[in-house]
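# Survey of secondary and tertiary structure
Next come the chains, spelled out residue by residue.
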Amino acid sequence: MADLITLGWRERLALPQLGIGLLKAKLDTGARSSSLHVDTLEEFQRDGATWLRFTLHVGRRQPVETRCEAPVWDRRTVTDTGGRRTERWFIRSEVQLAGQQFSVDINLTDRRHMLFPLLLGRSALSGRFAVDPARSYTQPRPVTAATDL
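Since the structure is predicted, the reported quantities are computational estimates derived from the model, not experimental observations.

### Brief notes about the packing of aromatic side chains
- Scanning all chains against the criterion turns up 3 aromatic pairs.
- An angle of 85° between the planes, with centres 5.6 Å apart, marks the rings of Trp9 and Phe116 as edge-to-face. With Trp9 in the loop between strand 1 (5-8) and strand 2 (10-15) and Phe116 in the loop between strand 10 (100-109) and strand 11 (118-121), this residue pair connects regions lying 107 residues apart in the sequence.
- Of the residues examined, Trp9 reaches a relative accessible area of 28% and is grouped as partly exposed.

Quick look at the structure:
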């Protein structure tokens, strides 16, 4: 455990495959999966595979609509903090955080009432990072940062 990078309960990261250079995320060791807020979500077919087209607004001061497309990774049931079970689409995307780049399974959902557009769950954190809930924004902004949050 001593060789793990210690992060705060909230950090800034990038999702370069989705064209998102900077996004605030809540790191939640109590949540198994990672969740990304989307404003719209549409399923479509490309070359015989199911893909998702979705939009989200990146940035707090002057939100910019970001349109993304990604192949479906999975569809499975997720239980939220209120105990409600819902079917959600999952994509797999690269995350840049703390000088590392790694793949994460992310479910797409409506998080508009949440403070952070991305929740990074324990499956993404395990074996890579330790989380200190007393700390925030311990890492510099990702090098690919293009949007100020």
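On we go.
### Digging into the sheet that holds strand 7 (residues 64-71)
- Strand order in the open sheet made by the 3 strands is 5-6-7, with antiparallel pairing throughout. The sheet is open, and its two edges are formed by strand 5 (40-46) and strand 7, each paired on a single side. Strand-to-strand twist of the sheet, defined as the mean angle between neighbouring strand axes without regard to direction, takes the value 25°.
- Sheet analysis places strand 5 next to strand 6 (residues 49-58), joined by 7 bridges and oriented antiparallel. Pairing of Glu42 across the sheet is with Arg53, part of strand 6.

### A closer look at the environment of Asp105
- Considering the arrangement of structural elements, one finds Asp105 in strand 10.
- By relative accessible area, Asp105 is classed as partly exposed at 21%.
- Here the alpha-carbon distance between Asp105 and Arg92, two residues 13 residues apart in the chain, equals 4.5 Å.
- Setting aside residues up to four positions removed in sequence, Asp105 forms contacts with Ser34, Trp73, Arg76, Phe90, Ile91 and Arg92.
- Here the side chain of Asp105 touches Trp73 through a polar contact of 3.5 Å, side chain to side chain.

### Overview of the pairing of strand 11
- Both faces of strand 11 are covered, namely the face carrying Leu118 and Leu120 and the face carrying Leu119 and Gly121.
- Strand direction decides the pairing type here: strand 3 (residues 20-28) and strand 11, joined by 4 bridges, are parallel. Each bridged residue has a counterpart across the sheet, and for Leu27 the counterpart in strand 11 is Leu120.
- Note that strand 4 (residues 34-37) and strand 11 share 2 bridges and pair antiparallel. For Leu36, the partnering residue across the bridge sits in strand 11 and is Leu118.

How each quantity is defined
- Residues numbered from 1 in each chain as written.
- Predicted model: local features only at pLDDT ≥ 70, side-chain atom pairs only at ≥ 80, totals over all residues.
- Heavy atoms only, no water.
- Phe/Tyr/Trp six-rings, centres within 6.5 Å; stacked < 30°, edge-to-face > 60°.
- Helix = DSSP H or I, 4+ residues; strand = E, 2+ residues; numbered from the N terminus.
- Buried < 20%, exposed > 50% of the residue type's maximum accessible area, 1.4 Å probe, protein only.
- Pairing = 2+ DSSP bridges.
- Axes fitted to C-alpha atoms, helices over the stretch in contact; angles between N-to-C directions.
- Contact = heavy atoms within 4.5 Å.
- Polar contact = N/O pair within 3.5 Å; in protein donor to acceptor, adjacent residues only side chain to side chain.

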